[in-house]
Amino acid sequence: MTNTLHPASSQTGDWYITALDLDAYLHRIGESAARPSEEALSALHEAHVRTVPFGNVDVLLGHPPSLELSDIADKLVHRRRGGYCFEHGLLFAAALERLGYHVTRCLARVQPDSPGGAKTHLVLVVDVRGKRFLADTGFGSGLLVPLPLEDGATTEHGGWPYRLRRDGRLWRLEKPGDGGADWTAVYAFDETPQRPIDYVVANHFTATHPRSPFTQRLIVQRIDHGICRKLVGRGLLTEHPGRTPEQPRPVSADELGEVLHSLGLALDEDELAQLRQVYAGAEKAES
């Protein structure tokens, strides 16, 4: 029997959270069911980020990701694949609600100080016994643990600092600029609860629009304590906090399977063959 506590959110009926095999999810990230607490939330969040890769493989293969929870769980949990923010966030929200947390699903504007910044990022506000947190398991190489939803709250994420700042009704997630310059806004959001259709619309743009960064090049990212690895386009970049980033190492189509495996992505032979074709085509276009 699944170790399921009572759902705490009034929104659960809209999100079909019973479609998630909670035991399988907890096994996937190496955690056990526990009653809601700050410590348990932090452990779940970090385990998810460190275990489930961030990536846009399906988008490049011409398959916009499904946001049906059963499809997300099959992909990220059972087939041990990666995904991007909508998939990670909806999966994590369902698991939290099954464990008894109250979760509000929100929508953030990426790069809010840029004219082209769009509302295309899913974030969660999680209530733990009256204290609220920003939870975001789908921000690529970003947040390892939740941030207290408090003005000026600053936390370390594998060695990289982030902070929250209140700006009217908005919360701004910020990180230090290049060279330790002033803090720069990564995204901004308010606490308006979203509906499933809101993510369907944002996901359609993210997965299909020619100006979306996810339709233009391969992106796979992993973060852990003291190290962040990114395959962006045809270059593998390894970063360490406090150090000048190294030059990306070129990755050929022939190396792609080995590199993706090292980043925790499991693709079957057909998927890898298709991805290599797309990847090789990008190589020829740039040469």
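Caption draft 1: Highlighting the overall build of the chain. From N to C terminus, the chain includes nine helices and 13 strands. In the chain, buried positions account for 51% of the 287 residues. Expressed as a percentage of contacts within the chain between residues at least 6 apart in sequence, the contacts between residues at least 24 apart total 56%. Across the chain, 31 positive and 38 negative side-chain charges occur, with their mean positions spaced 2 Å apart.

Caption draft 2: Local environment of the nonpolar core. Formed by 46 residues in total, the largest nonpolar core has its most connected members in Leu20, Tyr25, Phe86, Leu91, Tyr101 and Val126. For this core, the element with the most residues is helix H6 (residues 85–98), which contributes nine residues. Residues Val125, Leu147, Trp171 and Val186 belong to the second largest nonpolar core, which totals 21 residues.

Caption draft 3: Representation of the layout of surface pockets within the structure. In this model, the second largest pocket occupies a volume close to 290 Å³. Taken together, the elements giving at least two residues each to the lining of the second largest pocket come down to helix H1 (12–15), helix H5 (69–78), H6 and helix H7 (196–208). With four residues, H7 is the single largest residue contributor to the lining of the second largest pocket. Classifying every residue of the lining of the second largest pocket gives twelve nonpolar, one polar and three charged.

Caption draft 4: A look at the pairing of strand E7 (residues 160–167). In this structure, strand E6 (residues 154–157) lies alongside E7, joined through four bridges in antiparallel fashion. Paired with threonine 154 across the two strands is arginine 163, which belongs to E7. Where E6 folds back onto E7 in an antiparallel hairpin, the turn is made up of two residues, including glycine 158, whose phi is positive at roughly 70 degrees. Summarising the sheet, E7 and strand E8 (residues 170–176) pair through five bridges and their orientation is antiparallel. Along E8, the bridge assignment pairs arginine 163 with glutamate 174. Hairpin connection between E7 and E8: a loop of two residues separates the two successive antiparallel strands, and glycine 168 in this loop has a positive phi of roughly 65 degrees.

Caption draft 5: Just the pairing of strand E3 (residues 119–128), in detail. Of all ten residues that make up E3, eight are buried, and the element is covered over most of its length. Direction of pairing for strand E2 (residues 102–110) relative to E3: antiparallel, over a ladder of eight bridges. Residue pairing in the sheet places cysteine 106 in a bridge with valine 123 of E3. Turn length for the E3-strand E4 (residues 131–135) hairpin, with the two strands adjacent in sequence and antiparallel, is two residues, and the turn residue arginine 129 shows positive phi of about 55 degrees.

Caption draft 6: Up close: the packing of helix H2 (residues 22–29) against H5. Where H2 meets H5, the axes come as close as 10 Å, and the angle between the chain directions of the two elements is 30 degrees. For H2 against H5, the interelement crossing comes out left-handed. Across the interface between the two elements, Ala24, Tyr25 and Arg28 of H2 pack against Leu76, Val77 and His78 of H5. Residues belonging to the contact of H2 with H5 are distributed by class as follows: four nonpolar, one polar and one charged.

Caption draft 7: A look at the pattern of salt bridges. According to the stated counting rule, one finds 18 salt bridges in the structure shown. Glutamate 174 is the salt-bridge partner of arginine 165, the closest N and O atoms lying 3.1 Å from each other. Arginine 165 sits in the partly exposed class, given a relative accessible area of 30%. Under the relative-accessibility criterion, glutamate 174 is labelled buried at 2%.

Caption draft 8: Summary view of helix H3 (residues 38–51). The terminal C-alpha atoms of H3 lie 20 Å apart, and with 14 residues this matches the ideal 20 Å at 1.5 Å per residue to within 8%. Restricting attention to buried positions, one finds in H3 the residues Ala40, Leu41, Leu44, His45, Glu46, Ala47, His48 and Val49. Of the surrounding secondary structure, the elements contacted by the buried residues of H3 are H2, H6, E3, E4 and strand E10 (219–224).

Caption draft 9: Expanded view of a nonpolar patch on the surface. A cluster of nonpolar side chains, contributed by Ile197, Val200 and Val201, occupies part of the molecular surface with about 270 Å² of accessible area. Inspection of the secondary structure assignment puts valine 201 in helix H7.

Caption draft 10: Structural context of the environment of leucine 99. Relative to the assigned elements, leucine 99 resides in the loop between H6 and E2. As a C-alpha pair, leucine 99 and proline 36 span 63 residues in sequence and 7.0 Å in three-dimensional space.

Caption draft 11: Structural detail: the packing of aromatic side chains. This structure, assessed with the given rule, holds seven aromatic pairs. Taking the centre distance of 5.7 Å and the plane angle of 85 degrees together, the rings of tyrosine 84 and phenylalanine 86 count as edge-to-face. An aromatic cluster is defined as three or more aromatic residues linked by ring pairs; in this entry it consists of Trp15, Phe54, Tyr84, Phe86, Tyr199 and Phe214.

Caption draft 12: Spotlight on unusual backbone geometry. Phi at tyrosine 16 takes a positive value of approximately 55 degrees, unusual for a residue other than glycine. If you trace the backbone, tyrosine 16 turns up in the loop between H1 and H2. By relative accessible area, which is 60% here, tyrosine 16 ends up exposed. The backbone of glutamine 111 shows a phi angle near 45 degrees, a positive value even though the residue is not glycine. Among the secondary structure elements, glutamine 111 is positioned in the loop between E2 and E3.

Conventions and cut-offs
Residues numbered from 1 in each chain as written. Predicted model: local features only at pLDDT ≥ 70, side-chain atom pairs only at ≥ 80, totals over all residues. Heavy atoms only, no water. Helix = DSSP H or I, 4+ residues; strand = E, 2+ residues; numbered from the N terminus. Buried < 20%, exposed > 50% of the residue type's maximum accessible area, 1.4 Å probe, protein only. Contact = heavy atoms within 4.5 Å. Lys, Arg positive; Asp, Glu negative; His and termini not counted. Charge placed at Lys NZ, Arg CZ, Asp CG, Glu CD. Core = buried A, V, L, I, M, F, W, Y, C linked by side-chain atoms within 4.5 Å. 1 Å grid on protein atoms, 1.4 Å probe; cavity = no way out; pocket = protein on both sides within 12 Å on 5 of 7 lines; lining within 4 Å. Points joined across faces, edges and corners; volume = space filled by probe spheres on them. Nonpolar A, V, L, I, M, F, W, Y, C, P; charged D, E, K, R; others polar. Pairing = 2+ DSSP bridges. Axes fitted to C-alpha atoms, helices over the stretch in contact; angles between N-to-C directions. Left-handed = near helix turned anticlockwise from the far one by under 90°. Salt bridge = Lys/Arg side-chain N within 4 Å of Asp/Glu carboxyl O. Expected span 1.5 Å × (residues − 1). Patch = residues over 30% accessible without salt bridge, like charges linked within 9 Å, V, L, I, M, F, W, Y side chains within 5 Å. Areas by Shrake-Rupley, 256 points an atom, 1.4 Å probe, with all protein chains shown as cover. Phe/Tyr/Trp six-rings, centres within 6.5 Å; stacked < 30°, edge-to-face > 60°.

Everything listed here is a matter of geometry and, on its own, says nothing about what the molecule does.
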